[in-house]
Amino acid sequence: MSNFFYPKIAVNNIQKNNKTYIPYILACICTIIMFYNMSFLSAAKNIGNLSDSRSLRQILIFGEGVVGIFSIIFLFYNNRFLIKRRKKEFGLFNILGMEKKHIARVMFFEMTIIMIISIIAGILAGILLSKLMILILFKIITFKVVFGFEIPIKSVIHTAILFSGIFIVNLIYNIFQVHLSNPIELLKETNAGEREPKTKWIIAAIGAVCLAAGYYISLTTKYPLAAVGGFFTAVILVIIGTYCIFISGSIVVLKMLRKNKKYYYKLNHFVSISSMLHRMKQHAAGLSNICILSTMVIVMLSTTISMYAGIEDVLRNRYPRNISVYVSKVSESQIKKINNAIEKQTSILNAAPKNIINYHYIYFITIQKGERFTIKEIDNYFPPDAAELVLVTIDDYNRIANESESLSKGEVLLYSLNGNIEGDVINISGLKLNIKRRLSSLYKEGRLTSIMANSYFLVADMDTIKEVQNLLNSGRNNVEHFSYYYGFDVNAKRDIQIKLTNALKNDLTKINPKVNVEGAEREREGFYVLFGGLFFLGIFLGLLFIMAVVLAMYYNQILEGYDDKERYNIMKKIGMSCEKIRQIIKNQVLTVFFLPLVIAVIHLMFAFNILTKFLAMLNFTNVNLFIICTIITICVFSVIYTIVYALTAKTYYQIVRE
Amino acid sequence: MSILEVKNLKKVYTTRFEGNTVQALSNVSFSIEKGEYVAIMGESGSGKTTLLNIIAALDKPTSGDVLLNDKSIISIKEKDISAFRRDNLGFVFQDFNLLDTFSVQDNIFLPLVLAGKTYDEMDERLKVIAKKLGISDILIKYPYEISGGQKQRTAIARALITKPQLILADEPTGALDSRSSEGLLKLFEEINNEGQTILMVTHSIKAASKAKRVMFIKDGEIFHQIYKASMTDEKMYQKISDTLTMIVTGGERNE
Ligand SMILES: Nc1ncnc2c1ncn2[C@@H]1O[C@H](COP(=O)(O)OP(=O)(O)O)[C@@H](O)[C@H]1O
Ligand SMILES: [Mg+2]
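In the nomenclature of an unreviewed UniProt entry, chain B is known as Putative ABC transport system ATP-binding protein of Caloramator quimbayensis. For the record of chain B, the UniProt heading Sequence similarities (unreviewed entry) holds the text "Belongs to the ABC transporter superfamily."

As recorded in an unreviewed UniProt entry, chain A goes by Putative ABC transport system permease protein and comes from Caloramator quimbayensis. In UniProt, chain A has this text filed under Subcellular location (unreviewed entry): "Cell membrane". Quoted verbatim from the Sequence similarities (unreviewed entry) field of UniProt, the annotation for chain A is "Belongs to the ABC-4 integral membrane protein family."

This is the structure:
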């Protein structure tokens, strides 16, 4: 026997199974390209080492991890699909006298061939594409484009090791699979799963409960702070729910439809319902994967796109004025000095301030329960029901809003930035205040901290403020100083603004060490790097997941095709026209393949609330922009989905008609 | 009145490789009267399935014609063929051709659903047929849960439920044990006695001996035929087996 016997069989096998193996090899190559590029970006010297770059690098390293983990799951899952389909072939080899160790040898050569092709092609294509990737990334985060070409050896080695590892594990799994089963079983394997599945009420119930719980968490999340934990819990619940619903809920529904005789005994329904019922067992997992991946793609793209598109909004939210000065524990004489220093600096740099807003305030954190607020010292951890209260004097209010409102003791004007108080009374650690009027806007449209918790602004007279101050000092009557805010816009170039911010920081610290000067321009770059980095990652992972969806759909179609072929032959003999068959196939395939998309969109609708809260935590509050971005993402994704469906459906028809 | 007329059928298969041709039927002519029960016998590869497929409009002949009730089925347009097949013909196949995803009842309903009948009408027809075929108890079962004989009964019920002009059966006992075969043949006799025309292809002498007429096909031609008339099954059996011996030993045609 020549040395080339096994390699030859291996090549032959791959060619024979080209319908499934070529897409698999392509998917391997794409995955490797993606991984290499993420690895390349997170190691690229061009990104530099400044503080912004470091946070970008963190995002990219995170991305590398996600792509790596995804690759492992994705390639393993698809390998399992392939080997399952081929068990029959191996059974035949076995019966024809090929020993299992010979089969293992054939498998070894097959895997080696696929591995070498994929890794070499993947890394080469990855290297070629890497320059484009870094250009796109730099464009997005507004970094200056650098010239030159970089091939980090570390990334090449990482990629080669990770993917050889994946292929070797897959090979071991495959050999194990063949080793464990006997030839008769191997021959039967592909036909397994024809029995009508039992109605698994428990799984259906678990699915319904998980989905309901996930949706409930999403819908009832009121505070941005609760969104983080809640989001991940909800995601896990919804994933479990989706699997259960596809596995069992689908069967419950189909059986119900079958019970309705009038509906069931219509030609289209008759054939589709019965075949879907029998097929769900094998396909449920694939369909759930498609559904979950689709949801992830849409969530990732819509959030990162809207954040990036709304970056200027976010900046304005976070920094309501170009330059904002916050000073705590400040005396009236210091306030005068501060005002003067700001005037002086702006005139030196020839940057006249406008839209000036300055006022006194008292800021403290409470725990909110309805209209009851309990004052609480908080260091790092913000509990989800934390609320910020800001007291503003009636004098400042009248001055800035140009009104002549008057308040008596115990009366306040309320402006809620986020959150809600019902009724006309609020209770701060026992102190009751009557809400005289609610304001629809306040001159202070920004946030004192990033807007994580609910924020309420209370306009009150001095007597009332003193009482709150007493409370804050636990009755020690040691009246605390006000804090002071001074914010303004300037008509000046970016570098002047940054210069001004730095100069003010320098000058004002001398007056009061507890001063904080924030310049929107100085922070802008950081925002672009953060949001741009996330945007890039979103698109990148979105593409990767779309590829996974495509392959999952393709394999599902093939599976369906082989299953249906025999059945349609029989129906043809019994008197069904080819045209009718085609129509039924179309109906059925449409239902099966658009179901995941429909459910993904439903998930999304329920997730909407928690996503807006999640975004609010990142200072993104432009809900309309988010809605638009989500709708556009869904539309674009649906179009891609439909195109992929049309292309893969072709393969299905080919198989059925063969 | 003849229900089926087959005229000078010829079928040549061209194999895909090297342009080899196989002549499956060279010149077949016969006719079947309404209410007849005809068996066609022949060795494996003699063209029986080919003949049946052409009569069923599943395949086109190279030349010749097939008339069902004086209407040529060769000339039926492609888009009407399925409806024609469903309305006029009932099939019983050797390997049953039941759909695993349907219960026995739904398998039987399939042709009626195709024809767009209402559930009530289907149910009414089913009750009568299921009782006659003795499958009333297994209607809710699935094909993989029942025996070969039961599967074949199901297939017959499916063929009968459309009240076809002609039942075509291709080796219906081929995959059955002798007891089930016996039952099936009895069933065919019964439904034939009720007026159902049957054309059955078989290579079992026992099966053929129940038919009212047996035709022998050899080298793509009808070689010989025997009418049962008033003969007993045993006599018929003997006669068929004599004829087969004669065919194999290459004797002259008689009659
Ligand atoms: N689709 C086909 N292509 C080529 N030759 C065929 C085809 N179907 C049948 N034949 C040939 O025609 C002959 C008759 O076949 P068939 O009608 O199946 O015989 P039977 O059913 O009597 O066993 C055989 O020689 C067979 O090989
Ligand atoms: Mg045959």
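Having put the structure on the table, let's press on.
So, the overall build of chain B
Each helix and strand counted, chain B has eight helices and ten strands in total. In terms of overall dimensions, chain B is globule-like: its C-alpha atoms have a radius of gyration of 18 Å, near the 18 Å expected for 255 residues. For chain B, the spread of C-alpha atoms along the three principal axes comes to 55 × 45 × 40 Å. Every one of the 255 residues in chain B was classed for burial, and the buried ones make up 54%.

Focus: the domain arrangement of chain A
Residues and elements named next belong to chain A. By domain assignment, chain A separates into domain 1 (1-192), domain 2 (195-319 + 521-658) and domain 3 (320-520). Each of domain 2 and domain 3 has a C-alpha centre, and these two points are 46 Å apart. With 18 residues of domain 2 at the interface, the matching set in domain 3 holds 24 residues. When the two sides are added together, the surface that domain 2 and domain 3 hide from each other amounts to roughly 2100 Å², 49% of it contributed by carbon and sulfur. Area buried by domain 2 at its contact with domain 3 is led by Leu225, Glu521 and Arg522, which between them contribute 35% of it. Connecting domain 2 to domain 3 are two salt bridges. Across the pair Glu525 and Arg494 runs a salt bridge whose closest N-O atoms are separated by 4.0 Å.

Points about the packing of helix H10 (residues 267-309) of chain A against helix H16 (residues 520-574) of chain A
All names here are of chain A. For the pair H10 and H16, the least separation of the axes is 7 Å and the interaxial angle reads 165°. Our classification of the angle between H10 and H16 gives roughly antiparallel. Considering the relative orientation of H10 and H16, their crossing is left-handed. Looking at the contact of H10 with H16 residue by residue, the classes come out as 26 nonpolar, eleven polar and five charged.

Section: the UniProt feature "domain: ABC3 transporter permease C-terminal" (unreviewed entry) in chain A
Within this structure's numbering, the places UniProt gives as "domain: ABC3 transporter permease C-terminal" (unreviewed entry) are residues 67-173 of chain A. Annotated as residues 67-173 of chain A, this span is 85% helix and 0% strand, and its ends, taken at the C-alpha atoms, are 22 Å apart.

Here's the deal with the packing of aromatic side chains
Tallied over the entire structure, the rule returns 41 aromatic pairs over all chains. Measuring from ring centre to ring centre gives 5.1 Å for Phe5 of chain A and Tyr6 of chain A, while their planes differ by 75°; the resulting arrangement is edge-to-face. Of the residues examined, Phe5 of chain A reaches a relative accessible area of 32% and is grouped as partly exposed. When the ring of Tyr21 of chain A is compared with that of Tyr24 of chain A, the centres are 6.3 Å apart and the planes differ by 80°; the resulting orientation is edge-to-face. Taken together, the residues Tyr21 of chain A and Tyr24 of chain A, both in helix H2 (residues 18-43) and three residues apart, mark about one turn of the helix. Judged by relative accessible area, which is 1%, Tyr24 of chain A ranks as buried. An aromatic cluster of three or more residues is present, and its members are Tyr264, Tyr265 and Phe270 of chain A together with Phe102, Phe109 and Tyr119 of chain B. The residue whose ring lies beneath Arg567 of chain A is Tyr568 of chain A, and the NZ or CZ to ring-centre distance is 5.8 Å. When the ring centre of Phe223 of chain B is taken as reference, the NZ or CZ atom of Lys218 of chain B above it lies at 5.8 Å.

Comments concerning the interface of chain B and chain A
How big an interface is tends to be reported as the loss of accessible area on association of its parts. Contact with chain B, which involves 24 residues of that partner, is made by 23 residues of chain A. Together, Thr101, Leu114 and Tyr144 of chain B form the three largest contributors to the area buried by chain B at its contact with chain A, with a combined 25%. The interface formed by chain B and chain A contains zero salt bridges. The tally of links from chain B across to chain A stands at six residue pairs in polar contact (both at pLDDT 80 or more). At the level of elements, helix H2 (78-88), helix H3 (104-114) and helix H4 (119-133) of chain B are the ones that each hand at least two residues to the side of chain B that touches chain A. By residue number, the principal contributor to the side of chain B that touches chain A is H3 of chain B, which donates seven residues. Considering only residue class, the side of chain B that touches chain A consists of 15 nonpolar, four polar and five charged.

Describing the site of ligand 1
Residues and elements named next belong to chain B. Ligand 1 sits among Tyr13, Val22, Ala24, Glu43, Ser44, Gly45, Ser46, Gly47, Lys48, Thr49 and Thr50. Here Ser46 contributes a backbone N or O atom positioned 3.3 Å from an oxygen atom of ligand 1. The separation between an oxygen atom of ligand 1 and a polar main-chain atom of Gly47 is 3.1 Å. Considered on its own, ligand 1 offers 560 Å² of accessible surface; in the complex 61% of this is hidden by protein. Contributing elements (two or more residues each) for the shell around ligand 1: strand S2 (21-33) and helix H1 (48-55).

Here's the deal with the pattern of salt bridges
If you walk through the whole model with that rule in mind, you get 20 salt bridges over all chains. For Glu312 of chain A, the salt bridge is made with Arg524 of chain A, and the minimal N-O distance between the two is 2.4 Å. Taken together, the positions of Glu312 of chain A in helix H11 (residues 311-318) and Arg524 of chain A in helix H16 put the pair 212 residues apart, joining distant regions of the chain. Taking the relative accessible area as the measure of exposure, Glu312 of chain A reaches 37% and is therefore partly exposed. For Glu194 of chain B, the salt bridge is made with Lys132 of chain B, and the minimal N-O distance between the two is 2.9 Å. Here Lys132 of chain B lies in helix H4 and Glu194 of chain B lies in the loop between helix H6 (178-193) and strand S8 (197-202), a separation of 62 residues in the sequence.

Overview of a nonpolar patch on the surface
Residues Ile168, Ile172, Phe176 and Leu180 of chain A make up a contiguous nonpolar surface patch of about 440 Å² in total accessible area. Relative to the helices and strands, Leu180 of chain A is located in helix H5 (residues 153-180).

Here's the deal with the pairing of strand S9 (residues 483-490) of chain A
All names here are of chain A. When you tally the buried positions in S9, you get eight out of eight residues, the bulk of the element. With five bridges connecting them, strand S1 (residues 323-327) and S9 associate as antiparallel partners. Each residue of the ladder has a partner; that of Ser324, found in S9, is Gly487. By the bridge criterion, seven bridges tie strand S2 (residues 353-369) to S9 in an arrangement that is antiparallel. Within S9, the position partnered with Pro353 by the bridge is Val490.

Reading the values: rules and limits
Residues numbered from 1 in each chain as written. Chains lettered and ligands numbered in written order. Predicted model: local features only at pLDDT ≥ 70, side-chain atom pairs only at ≥ 80, totals over all residues. Heavy atoms only, no water. UniProt positions renumbered as here; feature names shortened; annotations may be inferred. Helix = DSSP H or I, 4+ residues; strand = E, 2+ residues; numbered from the N terminus. Rg over C-alpha atoms; globule rule 2.2 N^0.38 Å. Buried < 20%, exposed > 50% of the residue type's maximum accessible area, 1.4 Å probe, protein only. Domains from an automatic or database assignment. Contact = heavy atoms within 4.5 Å. Buried area = accessible area lost by both parts, 1.4 Å probe. Salt bridge = Lys/Arg side-chain N within 4 Å of Asp/Glu carboxyl O. Axes fitted to C-alpha atoms, helices over the stretch in contact; angles between N-to-C directions. Parallel < 35°, antiparallel > 145°, perpendicular 65-115°, else oblique. Left-handed = near helix turned anticlockwise from the far one by under 90°. Nonpolar A, V, L, I, M, F, W, Y, C, P; charged D, E, K, R; others polar. Phe/Tyr/Trp six-rings, centres within 6.5 Å; stacked < 30°, edge-to-face > 60°. Lys NZ or Arg CZ within 6 Å of the ring centre and 35° of its normal. Polar contact = N/O pair within 3.5 Å; in protein donor to acceptor, adjacent residues only side chain to side chain. Near = heavy atom within 4 Å. Areas by Shrake-Rupley, 256 points an atom, 1.4 Å probe, with all protein chains shown as cover. Patch = residues over 30% accessible without salt bridge, like charges linked within 9 Å, V, L, I, M, F, W, Y side chains within 5 Å. Pairing = 2+ DSSP bridges.

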